[in-house]
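The residues making up each chain are set out below.
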Amino acid sequence: MNAPVQLDPREDAWAIPLDRIDVSNPHLYQDDTWRPYFARLRRQDPVHWCEQGIYGAYWSVTRYRDIMAVDTNQKAFSSDALMGGIVLRDLPMDMRRPSFISMDPPKHDEQRKTVSPIVAPGNLQRMSATIRERTNRVLDNLPRGETFDWVDRVSVELTTQMLATLFDFPFEERRKLTYWSNVASANTRAGTEVDSEAKRNEILDQALDYFRQLWEERAKQPPRPDLISMLAHGEATRDLPSRPHEFMGNILLLVVGGNDTTRNSMSGSVLAMNAYPDQYRKLRGNPALVASMVPEVIRWQTPVIHMRRTAMEDTEVGGKTIRKGDKVAMWYISGNRDEDAIENAEEFIIDRQRPRQHLSFGFGIHRCVGNRLAEMQLTILWEEILKRDWPMIEVVGPPVRVYSNILRSISALPVRIPG
Ligand code: HEM
């Protein structure tokens, strides 16, 4: 399974020896062939040891309830960057950029508390009018009757505008955020711009300089409700620039967290409507269903494929003993397809009874800070789409997917709105 998958994935997944299944292979997500591998693991070996993964040996936790058990047990399972952090790929110590997503309590809790007011209900309420106005401007400018890239024109544009607002980042330069986000989250690969960790560092050093300058300005001014000012004035974070790796780690956490994930849900929502035209018709017939469609699309798309933990003590999960020091991957993408937890889990169904029963935002102390903001952006997008006389947003070519086992990213999606 280390080379690009050659066989029909449905045959390969059920034919190869169980111990050769390596779901950390980013090709599975780039080629969108991951489903049968996880279906087999859930059925035959739900807590699975892979000795020769392309990022080293690791456990895969693939069932909904086992993922919950790991995600909510931070005593036994560490997120700490010094232990290995939150993704399977291990980085050399001097290249690790700790941020509060890759910290354990108490440091995690102190830093999280500094930024979480940005998404407090009152603040979300205040932001909603701006989001709606921008969404309308973007939708009004879309062509009718001709092919365009939904990712670039809508998903990237809206999420990057949002991010620029959260940081109070110079608006005209906002695509820098998109670029740094892409660079930070790519799996390194020969022949691409990010072909090594050294190259990634070189590019992100530019981001570091840029944010350092913004930080210095904000630190001198009175506190304001933007993320840089909050961090620059926060008791637990104001000295971050003296720890450049941690400084950059936290900035990148907010850039990637607030950008790629929501962006891919926006692109995924258009794919879902095309794959399930009956659901689109149902939605047009009853726009109030946007409320349950949005969490369903976040489940169906599962923008974060896996999060990793490192075992701090011997612990039993799903009948297997995970040994102290082992790497453990929680495959959200698989837990969200677990039929024991979610009925007809493979299907996109916009009026589920419990649409928020999914793993896409994680659980426990690291549960996504921005979940309500992400839902609000998607809700506004679809409310405004449904006010238009668009019979469909037709996908007219295959989505281009990214080589990553962390983010389920779509980098291009050709669409056409009938004229
Ligand atoms: C659909 C969109 C999104 C998805 C699917 C998503 C998913 C996730 C996941 C899986 C985690 C880790 C949970 C865990 O380890 O248990 C996480 C954490 C986080 N997310 Fe999101 N996210 C989304 C949107 C956002 C937005 C819009 C923001 C920023 C405003 C954001 C900021 C964060 C932060 C700061 C953390 C770290 C929380 C911590 O460690 O305490 N996310 N997110």
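Keep in mind that what you see is a predicted model, and the values were worked out from it rather than measured.

### So, the sheet that holds strand β4 (residues 147-149)
So, step 1. Taken in spatial order, the 3 strands of this open sheet run β4-β12-β9, and their pairing is antiparallel. Each edge of the open sheet is held by one strand with a lone partner, namely β4 and β9 (394-395).
So, step 2. Two strands pair when backbone bridges link them, and β4 and strand β12 (residues 414-416) are joined in this way by 3 bridges, in the antiparallel orientation. Bridge assignment links Thr 147 to a residue of β12, and that residue is Arg 416.
So, step 3. Against the sheet, helix α7 (residues 150-167) engages β4 and β12, with an angle of about 40 degrees to β4.

### Structural notes on the coordination of the iron atom of the ligand
So, step 1. Inspection of the coordination sphere of the iron atom of the ligand shows a single protein donor, Cys 368 (SG), at 2.2 Å.
So, step 2. Inspection of the secondary structure assignment puts Cys 368 in the loop between α15 (332-335) and α16 (371-386).

### Observations concerning the sheet that holds strand β3 (residues 77-78)
So, step 1. Strand order in the open sheet made by the 5 strands is β1-β2-β8-β5-β3, with mixed pairing throughout. Among the strands making up the open sheet, the edge pair consists of β1 (47-50) and β3.
So, step 2. Its contacts with the sheet place helix α4 (residues 64-71) against β1, β2 (58-61), β3, β5 (306-311) and β8 (327-331), and it is angled at close to 130 degrees to β8.

### Considerations on the nonpolar core
So, step 1. Residues Phe 167, Phe 169, Leu 177, Trp 180, Phe 211 and Leu 373 are the most contacted members of the largest nonpolar core, which totals 68 residues.
So, step 2. When sequence neighbours within four positions are dropped, the list of residues in contact with Phe 167 reads Leu 177, Phe 211, Arg 218, Asp 226, Leu 227, Ile 228, Ile 251, Leu 254 and Val 255.
So, step 3. Grouped together as the second largest cluster of nonpolar side chains are 39 residues, Trp 300, Ile 410, Leu 413 and Val 415 included.

### Examining unusual backbone geometry
So, step 1. Across the junction of Pro 105 and Pro 106, the peptide omega takes the value 5 degrees, indicating a cis bond.
So, step 2. Position of Pro 106 relative to the elements: it lies in the loop between β3 and α5 (107-115).
So, step 3. Unusually for a residue other than glycine, Asp 168 sits at a positive phi of about 50 degrees.
So, step 4. Summarising the element assignment, Asp 168 is placed in the loop between α7 and α8 (175-185).

### Overview of the site of the ligand
So, step 1. Taken together, 29 residues form the shell around the ligand, and within it His 108, Arg 112, Arg 309, His 366 and Cys 368 come nearest.
So, step 2. Note that a nitrogen atom of the ligand is positioned 3.1 Å from one of the backbone N or O atoms of Gly 257.
So, step 3. At 3.4 Å from an oxygen atom of the ligand is found a side-chain nitrogen or oxygen belonging to Tyr 332.
So, step 4. Of all elements in the fold, only α5, α11 (244-257), α12 (260-275), β5 and α16 reach the threshold of two or more residues within the shell around the ligand.
So, step 5. Across the shell around the ligand, the residue classes tally to 16 nonpolar, 10 polar and 3 charged.

### Looking at the side chain of His 48
So, step 1. Position of His 48 among the secondary structure elements: in strand β1.
So, step 2. A distance of 2.9 Å separates a polar side-chain atom of His 48 from the backbone oxygen of Leu 18.

### Focus on the packing of helix α6 (residues 121-140) against α16
So, step 1. Contact pair α6 / α16: the axes reach a minimum separation of 9 Å and the direction vectors enclose 40 degrees. In this view, α6 runs oblique relative to α16, as classed from their interaxial angle. The crossing of α6 and α16 is right-handed. Residue-level inspection shows Leu 124, Met 127, Ser 128, Ile 131, Arg 132, Thr 135, Asn 136 and Leu 139 of α6 in contact with α16, the latter providing Arg 372, Leu 373, Met 376, Gln 377, Ile 380, Leu 381, Glu 383, Glu 384 and Ile 385.
So, step 2. Residue classes in the contact of α6 with α16 are distributed as 9 nonpolar, 4 polar and 4 charged.

### Observations regarding the packing of aromatic side chains
Centre-to-centre distance and the angle between the planes together describe a pair of aromatic rings.
So, step 1. Inspection of the entire model under this criterion finds 16 aromatic pairs.
So, step 2. On the basis of an interplanar angle of 20 degrees and a centroid distance of 5.0 Å, the ring pair of Phe 169 and Tyr 210 is categorised as stacked. Pair noted here: Phe 169 is in the loop between α7 and α8 and Tyr 210 is in helix α9 (residues 197-220), with a separation of 41 residues, a long-range link.
So, step 3. By relative accessible area, Tyr 210 is classed as buried at 17%.
So, step 4. An angle of 45 degrees between the planes, with centres 5.8 Å apart, marks the rings of Phe 169 and Phe 211 as tilted. Of this pair, Phe 169 sits in the loop between α7 and α8 while Phe 211 sits in helix α9, placing them 42 residues apart in sequence. Neither residue differs from the other here; Phe 169 and Phe 211 are each classed as buried.
So, step 5. One aromatic cluster in this structure is built from Phe 167, Phe 169, Trp 180, Tyr 210 and Phe 211.
So, step 6. Lying over the aromatic face of Phe 148, Arg 153 brings its terminal NZ or CZ to 5.9 Å of the ring centre.
So, step 7. Its end group placed over the ring of Phe 171, Arg 174 keeps NZ or CZ at 4.5 Å from the ring centre.

Parameters and conventions
- Residues numbered from 1 in each chain as written.
- Predicted model: local features only at pLDDT ≥ 70, side-chain atom pairs only at ≥ 80, totals over all residues.
- Heavy atoms only, no water.
- Pairing = 2+ DSSP bridges.
- Helix = DSSP H or I, 4+ residues; strand = E, 2+ residues; numbered from the N terminus.
- Contact = heavy atoms within 4.5 Å.
- Axes fitted to C-alpha atoms, helices over the stretch in contact; angles between N-to-C directions.
- Donors = N, O, S within 2.8 Å, 3.2 Å for Na, K, Ca; no water.
- Core = buried A, V, L, I, M, F, W, Y, C linked by side-chain atoms within 4.5 Å.
- Buried < 20%, exposed > 50% of the residue type's maximum accessible area, 1.4 Å probe, protein only.
- Near = heavy atom within 4 Å.
- Polar contact = N/O pair within 3.5 Å; in protein donor to acceptor, adjacent residues only side chain to side chain.
- Nonpolar A, V, L, I, M, F, W, Y, C, P; charged D, E, K, R; others polar.
- Parallel < 35°, antiparallel > 145°, perpendicular 65-115°, else oblique.
- Left-handed = near helix turned anticlockwise from the far one by under 90°.
- Phe/Tyr/Trp six-rings, centres within 6.5 Å; stacked < 30°, edge-to-face > 60°.
- Lys NZ or Arg CZ within 6 Å of the ring centre and 35° of its normal.

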